[in-house]
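Chains, contacts and geometry: an overview
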Amino acid sequence: RGQWTERPRRSKERKERYLAQMVQSAATKNDGTDIPERASPLEKCSFVCHLFIFPLGLVYMLWVLLPDEMLETTASVNFFPRKAYALHIPVSALFLFLAAPLLYAGLNSLTVPKEDSLDTLRDKHSRKVNSISVMPQDKSSLV
């Protein structure tokens, strides 16, 4: 028991100082100083997309879930698509979402020059070549 001594307990003032520092640090994190003043274009685009997609999703869910009679009487909707499209629309959207990388790769492959094209040998540092001949024109230079 002689070699093990108890830790000194914090004094009341020290505890109050520690709590004051914790409150101060929490207040500086939550007062908005760490948030940038201007929103990035990506944030603006995301917000606008949310403003359009959320109400469209609500209208879609109402169209799918409510019976046709209720739509005709309460919302006074005279024409609306068949309920068969309720499954067709999300499946088509999912297909387009999953097919987008394949379509993008296919379109990019159309812009690539052929393997035997001289365009694959040129860049901004190369000189423009009118014609390339493998064999010299004059056969006497080979001897």
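Details of the structure are given in the entry above.
Under the criterion given, the structure shown has one aromatic pair. Ring geometry for tyrosine 60 against tryptophan 63: centres 5.8 Å apart, planes inclined by 55 degrees, an arrangement best described as tilted. Note that tyrosine 60 and tryptophan 63 are positioned in helix α2 (residues 41-65) at a spacing of three residues, about one turn of the helix. For tyrosine 60, a relative accessible area of 23% gives the class partly exposed. Assessed through its relative accessible area of 10%, tryptophan 63 is described here as buried.

In a structure, side chains of opposite charge can pair up when their charged atoms sit close to one another. Tallied over the entire structure, the rule returns one salt bridge. Put simply, lysine 83 and aspartate 68 hold a salt bridge, and the shortest N to O gap is 3.7 Å. Here the residue lysine 83 occupies a position in the loop between α3 (68-74) and α4 (85-111), and aspartate 68 occupies one in helix α3, the gap between them amounting to 15 residues. Given the relative accessible area of 30%, lysine 83 is considered partly exposed.

Parameters and conventions
Residues numbered from 1 in each chain as written. Predicted model: local features only at pLDDT ≥ 70, side-chain atom pairs only at ≥ 80, totals over all residues. Heavy atoms only, no water. Phe/Tyr/Trp six-rings, centres within 6.5 Å; stacked < 30°, edge-to-face > 60°. Helix = DSSP H or I, 4+ residues; strand = E, 2+ residues; numbered from the N terminus. Buried < 20%, exposed > 50% of the residue type's maximum accessible area, 1.4 Å probe, protein only. Salt bridge = Lys/Arg side-chain N within 4 Å of Asp/Glu carboxyl O.

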